[in-house]
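In case you want the letters, here they are:
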Amino acid sequence: MSATNRGAAREGFDFYATPPWAAEALLPYLQRELASGLVLEPSAGDGALLRVLMSAGVACERLRGVELRADGVARVKALGVACERADFLKWQPEPRETPRLIITNPPFNLAFEFAQRAVQLIDGRGAVALLVRLGWLASVRRAAWHREHPADVYVLPRRPSFTSDGKSDASDYCWWVYRARRAHRFGSWRVL
């Protein structure tokens, strides 16, 4: 994960918990999506993002988690949030439960696949918010996708730490927010 420690061992399942401040900074820009409907965290981890959403007033009944790790599922359920142990890339929501918002810090090595799957699941409604490295936006592999699905980019003003020791890597991060119903075909950007 770290650009400064390229040989460092990665966490299992590419799990790096989201610092609360990084999610809190984005929430004012998601008020419409947070106001009603289902909110899905497809890489629920230990529930870090879900705790931020609950603190912001989103009812547990409107939150759902999907997580590969059994211990993560147990932690999310302990918060009072429904969580299913599944691979998000293969997961299917219950009928009539189209998410209004999908928000996640995806495993970096699967971020593109998570973006594609999340956009497919919102079915022309709602929004998808992904916490990714700023450099994720620059890629020959993803260029056509970004042209077809312009996003609003919310750049974090400082580098988050995803480790228990408080150290950050040498990468800048942003929230990539895709909104299904856009008035234009261009994304915008801002520093949070």
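Cut-off values and rules
Residues numbered from 1 in each chain as written. Predicted model: local features only at pLDDT ≥ 70, side-chain atom pairs only at ≥ 80, totals over all residues. Heavy atoms only, no water. Salt bridge = Lys/Arg side-chain N within 4 Å of Asp/Glu carboxyl O. Helix = DSSP H or I, 4+ residues; strand = E, 2+ residues; numbered from the N terminus. Axes fitted to C-alpha atoms, helices over the stretch in contact; angles between N-to-C directions. Parallel < 35°, antiparallel > 145°, perpendicular 65-115°, else oblique. Left-handed = near helix turned anticlockwise from the far one by under 90°. Contact = heavy atoms within 4.5 Å. Buried < 20%, exposed > 50% of the residue type's maximum accessible area, 1.4 Å probe, protein only. Pairing = 2+ DSSP bridges. Polar contact = N/O pair within 3.5 Å; in protein donor to acceptor, adjacent residues only side chain to side chain. Core = buried A, V, L, I, M, F, W, Y, C linked by side-chain atoms within 4.5 Å. pLDDT = per-residue confidence, 0-100. Phe/Tyr/Trp six-rings, centres within 6.5 Å; stacked < 30°, edge-to-face > 60°. Lys NZ or Arg CZ within 6 Å of the ring centre and 35° of its normal.

Let us look at the pattern of salt bridges. In the structure shown here, the tally under the stated rule is eight salt bridges. Of the charged contacts in the structure, one is a salt bridge between Arg179 and Glu33, with a shortest N-O distance of 3.0 Å. In this pair, Arg179 is assigned in strand β7 (residues 173-179) and Glu33 in helix α2 (residues 31-34), connecting sequence segments 146 residues apart. Arg64 serves as the salt-bridge partner of Glu97, at 3.0 Å between the closest nitrogen and oxygen. In this pair, Glu97 is assigned in the loop between β3 (82-85) and β4 (101-104) and Arg64 in strand β2 (residues 63-67), connecting sequence segments 33 residues apart. Put simply, Arg32, Glu33, Asp152 and Arg179 are held in one network by salt bridges that share partners.

We now examine the packing of helix α5 (residues 111-121) against helix α6 (residues 140-148). Between α5 and α6, the least distance of the axes is 12 Å, while the angle of their chain directions is 20°. The orientation of α5 relative to α6 falls into the category roughly parallel. For the pair α5 and α6, the sense of crossing is left-handed. Contacts from Phe112, Glu113, Ala115, Gln116 and Val119 in α5 reach Arg141, Arg142 and Trp145 in α6.

To continue, consider the environment of Ser188. Looking at the element boundaries, Ser188 is found in the loop between β7 and β8 (189-191). By relative accessible area, Ser188 is classed as partly exposed at 37%. Along the backbone, Ser188 and Asp152 are 36 residues apart, and their C-alpha atoms lie at a distance of 4.6 Å.

A word on the pairing of strand β6 (residues 152-155). Along a regular strand, successive side chains alternate from one face of the sheet to the other. Burial of the side chains of β6 extends over both faces: Asp152 and Tyr154 are buried on one face and Val153 and Val155 on the other. Inspection of the sheet shows β6 paired to β7 by four bridges, in the antiparallel sense. Residue pairing across strands places Val155 opposite Cys174, the latter belonging to β7.

Once that is clear, we can look at the side chain of Glu67. You can see Glu67 is positioned in strand β2. Of note is the side chain of Glu67, whose polar atom sits 2.9 Å from the side chain of Arg69. Dropping the residues within four chain positions of it, Glu67 is found in contact with Ser43, Ala44, Gly45, Gly72, Val73, Cys83, Glu84, Arg85 and Ala86.

We now examine the nonpolar core. Membership of the largest hydrophobic core comes to 28 residues, with the highest contact counts inside it found for Leu30, Leu53, Ile103 and Trp175. Setting aside residues up to four positions removed in sequence, Leu53 forms contacts with Leu27, Leu34, Val39, Val58, Leu63 and Ile103. Judged by nonpolar contacts, the second largest core, of 25 residues, contains Trp91, Phe114, Ile122 and Tyr178.

With 81% of its residues at a pLDDT of 70 or more, the protein chain shows a mean pLDDT of 84. Least confident of the elements in the protein chain is β8, whose mean pLDDT is 64; most confident is strand β1 (residues 39-41), at 97.

Glancing now at the packing of aromatic side chains. In the structure shown here, the tally under the stated rule is seven aromatic pairs. Ring geometry for Phe88 versus Phe114: centroids 5.0 Å apart, planes at 40°, classification tilted. Of the two residues, Phe88 is situated in the loop between β3 and β4 and Phe114 in helix α5; the sequence distance between them amounts to 26 residues. Lying across the ring of Phe108, Arg133 places its NZ or CZ 4.4 Å from the centre.

When you tally the buried positions in β7, you get seven out of seven residues, the bulk of the element. Burial along β7 is two-sided: the residues Tyr173, Trp175, Val177 and Arg179 and Cys174, Trp176 and Tyr178 are all buried. Examined bridge by bridge, strand β5 (residues 127-133) and β7 share seven bridges and lie antiparallel to one another. Looking at the pairing, Arg133 lines up with Tyr173 of β7.

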